[in-house]
Amino acid sequence: MASIVDAFQEAFQEDHSYLKIVLYSIPINFVVNYYMQGKMALCQFWGAVVGLLLLGLLTSGINNVRMNRREILTLNPLRYLKALGLTAIVVVPHVLVYGILGYILTTKITIPISEYNLPMIYKVTVWSILFSIVFTSYLSFAKYLKIQQGYNYKVISESCIDVLISLLFFIPQLAMANVVLVLPVAYLFFFFHLPFTHWGFIAFCCMCVIVNISILSNYLAQCAYEHVKGNNEEYDDHSQLNYIDEITERMN
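Thresholds applied
- Residues numbered from 1 in each chain as written.
- Predicted model: local features only at pLDDT ≥ 70, side-chain atom pairs only at ≥ 80, totals over all residues.
- Heavy atoms only, no water.
- Helix = DSSP H or I, 4+ residues; strand = E, 2+ residues; numbered from the N terminus.
- Buried < 20%, exposed > 50% of the residue type's maximum accessible area, 1.4 Å probe, protein only.
- Contact = heavy atoms within 4.5 Å.
- Salt bridge = Lys/Arg side-chain N within 4 Å of Asp/Glu carboxyl O.
- Axes fitted to C-alpha atoms, helices over the stretch in contact; angles between N-to-C directions.
- Parallel < 35°, antiparallel > 145°, perpendicular 65-115°, else oblique.
- Left-handed = near helix turned anticlockwise from the far one by under 90°.
- Nonpolar A, V, L, I, M, F, W, Y, C, P; charged D, E, K, R; others polar.
- Core = buried A, V, L, I, M, F, W, Y, C linked by side-chain atoms within 4.5 Å.
- Phe/Tyr/Trp six-rings, centres within 6.5 Å; stacked < 30°, edge-to-face > 60°.
- Expected span 1.5 Å × (residues − 1).
- pLDDT = per-residue confidence, 0-100.

Engineer: Please explain the overall build of the chain as it appears in this structure.
Structural biologist: Of regular secondary structure, the chain possesses eight helices and zero strands. Per-residue burial for the chain yields a buried fraction of 41% across its 252 residues. Contacts in the chain between residues far apart in sequence, at least 24 positions, make up 75% of those at least 6 positions apart.

Engineer: Help me out: how do you make sense of the environment of arginine 70 in this one?
Structural biologist: Summarising the element assignment, arginine 70 is placed in the loop between α3 (40–66) and α4 (77–107). Taking C-alpha positions, arginine 70 is 7.5 Å from aspartate 15, a pair spaced 55 residues apart along the chain.

Engineer: Is there a simple way to think about the pattern of salt bridges in this case?
Structural biologist: Two side chains carrying opposite charge are able to pair once their charged atoms lie near each other. Counted by the stated rule, this structure contains four salt bridges. The partner of glutamate 71 in a salt bridge is lysine 20, with the nearest N and O atoms 3.7 Å apart. Here the residue glutamate 71 occupies a position in the loop between α3 and α4, and lysine 20 occupies one in helix α2 (residues 17–36), the gap between them amounting to 51 residues. Judged by relative accessible area, which is 18%, glutamate 71 ranks as buried. Lysine 154 is the salt-bridge partner of glutamate 158, the closest N and O atoms lying 2.9 Å from each other. In this pair, glutamate 158 and lysine 154 are both assigned in helix α6 (residues 153–191), four residues apart and thus about one turn of the helix distant. Residue glutamate 158 is classed as partly exposed on the basis of its relative accessible area, which comes to 40%.

Engineer: Explanation requested: the packing of helix α1 (residues 4–13) against α6 in the structure shown.
Structural biologist: Two quantities define a packed helix pair, namely the angle between the helix axes and the distance between the axes. Here α1 crosses α6 at 40 degrees, and the two axes come no closer than 10 Å. Between α1 and α6, the crossing angle belongs to the class labelled oblique. In this structure, the crossing between α1 and α6 has a hand that is right-handed. On α6, the residues touching Ile4, Phe8 and Phe12 of α1 are Phe170, Gln173, Leu174, Ala177 and Leu181. Counted by class, the contact of α1 with α6 contains seven nonpolar, one polar and no charged residues.

Engineer: Can you walk me through the nonpolar core in this structure?
Structural biologist: One broad trend across soluble globular proteins is that nonpolar side chains are buried collectively. In terms of nonpolar packing, the biggest core is built from 54 residues, with Ile62, Leu139, Phe170, Ile215 and Leu220 touching the most fellow members. Ranked by the residues each element gives to this core, the list is headed by helix α7 (residues 199–227), at 15 residues. Not counting chain neighbours up to four residues away, the residues in contact with isoleucine 62 comprise Tyr138, Leu139, Ala142, Ser217, Leu220 and Ala221. Listed in part, the seven residues of the second largest apolar core include Leu130, Ile133, Ile156 and Cys160.

Engineer: I keep staring at the environment of threonine 110 and nothing clicks. Help me out?
Structural biologist: Here threonine 110 lies in the loop between α4 and α5 (118–142). The class for threonine 110 is exposed, based on a relative accessible area of 68%. Measuring from C-alpha to C-alpha, the distance between threonine 110 and tyrosine 122 comes to 9.8 Å, with 12 residues separating the pair along the chain.

Engineer: For this particular structure, what's the right way to read the packing of aromatic side chains?
Structural biologist: Working definition: an aromatic ring pair is given by the centre-to-centre distance plus the angle between the planes. Under the criterion given, the structure shown has 11 aromatic pairs. Judged by centre distance (6.0 Å) and plane angle (40 degrees), the rings of phenylalanine 12 and tyrosine 18 are tilted. The rings of Phe8, Phe12 and Tyr18 are connected pair by pair, giving a single aromatic cluster.

Engineer: Before we go on, may I ask you to explain α7 in this structure?
Structural biologist: Helix length check: α7 (29 residues) gives 41 Å between terminal C-alpha atoms against 42 Å at 1.5 Å per residue, within 8%. Among the 29 residues in α7, 22 count as buried, and that is most of the element.

Engineer: Which parts of the structure should I look at to understand the confidence of the model for the chain?
Structural biologist: Low-pLDDT portions of the prediction should not be read for the details of their coordinates. Confidence along the chain averages 86 in pLDDT terms, with 88% of residues attaining 70 or more. Segment residues 231–252 is flagged for pLDDT under 50; beyond a separation of four residues in sequence, or across chains, it makes 22 contacts in the model.

Engineer: Explanation requested: the side chain of asparagine 212 in the structure shown.
Structural biologist: Within the element layout of this structure, asparagine 212 appears in helix α7. If near-sequence neighbours (up to four positions away) are discounted, asparagine 212 is found in contact with Leu174 and Asn178.

Below is the structure:
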């Protein structure tokens, strides 16, 4: 069963973890500073760019865990760029197609029953199902970085509900992990009467975002292994090959 405790611990135990956290938090810091200065146009533009970059980082992280590599967040630019490019090929079409479909289903179709909360329940149900399809296609692709798996709708349809339920259980766990991570530092700033807009606190929160990416990568890789239907023997073969490669590297 996917464990956020293991994911939280391994976020700090991988090789060069603190270097990666600081390095990848720098672009986020720039975006937050644009927001603090009221430069909303720059904030929105660079926020979208950084969001895409983080999605590529998440994809490579999921793949690293699924392939049993020693790192979660990669420092290999070629591996990162490959993950980012393939992610765009899989995610962008799904978001466009299911986004348009969701818009049509929730705005062009009216429910003949005039119950007060029913329209909202209908919209939440539709968007939840469509999101689960898109998200499951992403996980199905990310485990091996195979584009065709992102469009394997037989696997996606069999797994999307389980993935959605797992994600719903994960959200409060991630919130609690962030409370544990941020609350002690927030209390120190409060105790010394330092504002939460202080550059030090902002920099720390930006680093926490990267920690969250590592936690997500680990947890979602576990989730993909447990809930995305597929041939687990293929994963076991990959794991054994990577384990042999790691032993060879250490001996050399």
